[in-house]
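Structural characterization, general
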Amino acid sequence: MKKTFGAILTTLGIIGLIWAAYAFMMGGDGGVVGKYTSVVPFVIGLIFFFSGISLVKSTRDHV
């Protein structure tokens, strides 16, 4: 269960990072996210990504 949640967090983090990078490069995506306010999804994406990776790494496999 923890590994699945970690994988979901990691995937959401990657999506958030890609979206923030795209919004930054385009100067905002349709007025919703500006060039400098794209930092917020970038930080949230980083948090999700690293917490997901940490959760996957710290969970033991029960065989």
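Okay, so let's go over this structure.

About the thresholds
Residues numbered from 1 in each chain as written. Predicted model: local features only at pLDDT ≥ 70, side-chain atom pairs only at ≥ 80, totals over all residues. Heavy atoms only, no water. Helix = DSSP H or I, 4+ residues; strand = E, 2+ residues; numbered from the N terminus. Buried < 20%, exposed > 50% of the residue type's maximum accessible area, 1.4 Å probe, protein only. Areas by Shrake-Rupley, 256 points an atom, 1.4 Å probe, with all protein chains shown as cover. Phe/Tyr/Trp six-rings, centres within 6.5 Å; stacked < 30°, edge-to-face > 60°. Contact = heavy atoms within 4.5 Å. Expected span 1.5 Å × (residues − 1). Axes fitted to C-alpha atoms, helices over the stretch in contact; angles between N-to-C directions. Parallel < 35°, antiparallel > 145°, perpendicular 65-115°, else oblique. Left-handed = near helix turned anticlockwise from the far one by under 90°. Nonpolar A, V, L, I, M, F, W, Y, C, P; charged D, E, K, R; others polar. Patch = residues over 30% accessible without salt bridge, like charges linked within 9 Å, V, L, I, M, F, W, Y side chains within 5 Å. Salt bridge = Lys/Arg side-chain N within 4 Å of Asp/Glu carboxyl O.

1. Focus: the overall build of the chain
A count of helices and strands for the chain gives two helices and zero strands. Expressed as a percentage of the 63 residues in the chain, the buried residues total 24%. With the model as given, the accessible surface of the chain reaches about 4700 Å², and the carbon-plus-sulfur share is 74%.

2. Overview of the packing of aromatic side chains
Scanning all chains against the criterion turns up one aromatic pair. On the numbers, 5.3 Å between centres and 75° between planes, the contact of Phe49 with Phe50 is edge-to-face.

3. Details of the side chain of Thr10
For Thr10, the position within the fold is in helix H1 (residues 2-25). Sequence-distant contacts of Thr10, defined by excluding residues within four places in its chain, comprise Phe48, Phe49, Gly52 and Ile53.

4. Things to note about H1
Here H1 is 24 residues long and its end C-alpha atoms lie 34 Å apart, about the 34 Å a rise of 1.5 Å per residue gives. Taken together, the buried positions of H1 are occupied by Gly6, Leu9, Thr10, Gly13, Gly16, Leu17, Ala20 and Ala23. Close packing links the buried residues of H1 with helix H2 (39-58).

5. Examining the packing of H1 against H2
Packing of H1 against H2 brings their axes to within 7 Å, and their N-to-C directions diverge by 155°. Comparing their axes, H2 and H1 come out roughly antiparallel. In the crossing of H1 with H2, the sense of the turn from one axis to the other is left-handed. Partitioned by chemical class, the residues of the contact of H1 with H2 number 16 nonpolar, seven polar and two charged.

6. Remarks on a nonpolar patch on the surface
Residues Ile8, Leu12, Ile15, Val39, Val40, Phe42, Val43, Ile44, Ile47 and Phe48 make up a contiguous nonpolar surface patch of about 860 Å² in total accessible area. Where the nonpolar patch is concerned, the elements lending two or more residues are H1 and H2. Top element by residues in the nonpolar patch is H2. It accounts for seven residues. For Ile15, the position within the fold is in helix H1.

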